Amino acid sequence: MLRWSDRPWAIPLYALAGVLALGELAVVWLMLHPNVPPDYRAYYIDRTTTCLPQPVTAAYTLGTSIDFRSGGPDTRELRPCGWEGPAGDGMHALGESAQLAFTVPAENLTLTLELTGVTLPGPRQQRVMVSANGISLGRAMVIPGRTGRFSFPLPASAIVNGRADITLDLPDAVTTSPGQSNVRKRSIKLVMASLTPAS
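Report on the accompanying structure. (Residues numbered from 1 in each chain as written. Predicted model: local features only at pLDDT ≥ 70, side-chain atom pairs only at ≥ 80, totals over all residues. Heavy atoms only, no water.)

**Digging into the overall build of the protein**
Rules: In this text, helices come from DSSP runs of H or I with a minimum length of four residues, and strands from runs of E with a minimum of two, each type numbered from the N-terminal end. The cut-offs for exposure are 20% and 50% of the maximum accessible area for each residue type, with area from a 1.4 Å probe on protein chains only; residues under the lower value are buried, those over the upper are exposed, and the others partly exposed. In what follows, residue pairs with any heavy atoms lying within 4.5 Å of each other are defined as contacts. Using a 1.4 Å probe, accessible areas were evaluated by the Shrake-Rupley method; residue-level cover was limited to the displayed protein chains.
Assigned secondary structure in the protein consists of 2 helices and 10 strands. The order of α-helices and β-strands along the protein, N terminus first, is α-α-β-β-β-β-β-β-β-β-β-β. Burial analysis of the protein (199 residues in total) assigns 37% to the buried set. In the protein, the share of contacts with a sequence separation of at least 24, taken over all contacts with a separation of at least 6, comes to 67%. Summed over all atoms, the accessible surface of the protein reaches about 11500 Å², with 56% contributed by carbon and sulfur.

**What to know about the sheet that holds strand S4 (residues 97–103)**
Selection criterion: Between any two strands, pairing holds if DSSP finds at least two bridges. Between N-to-C directions, angles span 0 to 180 degrees; the directions come from axes that are lines fitted to C-alpha atoms, helices contributing only their stretch in contact.
In space, the 4 strands of this open sheet follow the order S4-S9-S6-S7, with antiparallel pairing throughout. Each end of this open sheet is capped by a strand with a single partner; those strands are S4 and strand S7 (135–142). Here the strands of the sheet are splayed against their neighbours by 20° on average, with no regard to which way each runs.

**Regarding the pattern of salt bridges**
Pairing of side chains with opposite charge becomes possible as their charged atoms draw close. For clarity, the threshold we go by: In the sections that follow, a salt bridge refers to a side-chain nitrogen of Lys or Arg positioned within 4 Å of a carboxyl oxygen of Asp or Glu.
Within the structure shown, the criterion is met by 8 salt bridges. Between Glu84 and Arg186 there is a salt bridge, with the nearest N and O atoms lying 2.6 Å from each other. Of the two residues, Glu84 sits in strand S2 (residues 83–87) while Arg186 sits in strand S10 (residues 186–197), which places them 102 residues apart along the sequence. Note on Glu84: relative accessible area 29%, which makes it partly exposed.

Taken by themselves, the reported measurements are silent on function.
The structure is reproduced here in structure tokens:
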């Protein structure tokens, strides 16, 4: 019968196998409990949103009406996620939510949006739930093929660190083809947006 002293190479090999097993257990634990930002978790892991915000400057001059149609200004730094375009008649919202971001003073403001409903088979109206930094501002009902102007009071309490992060939730967004991913759903086009001091 062999003794440990007869095979001195065995102890380092068993130790190495133990270290490798612990390493693999650690990897599995990290896979099950990833330490990632909430936005990343919601988009990639939980799939509770179709909008993964990207860093933007949100540079904006208070009172300016921003044209989101073709030929308008470059609006990339105001659109963290959820938009495609611009097309000739507006910026298409993609998925079930889209975001806008504006640097503004922390005072009571009015948010104005011009929205057009897409003309696709689906509901007779598109609900657009508008919030700012998690505070509900109201709801718009957008009719397919029609452009409407909607105003929402934006309280100073909804402006965080000099930014109004606006979310448009789009529960009635529709797919354009069978089996299409939720991140490609269509609902509205954004024509114009502005923030002005509350009257």
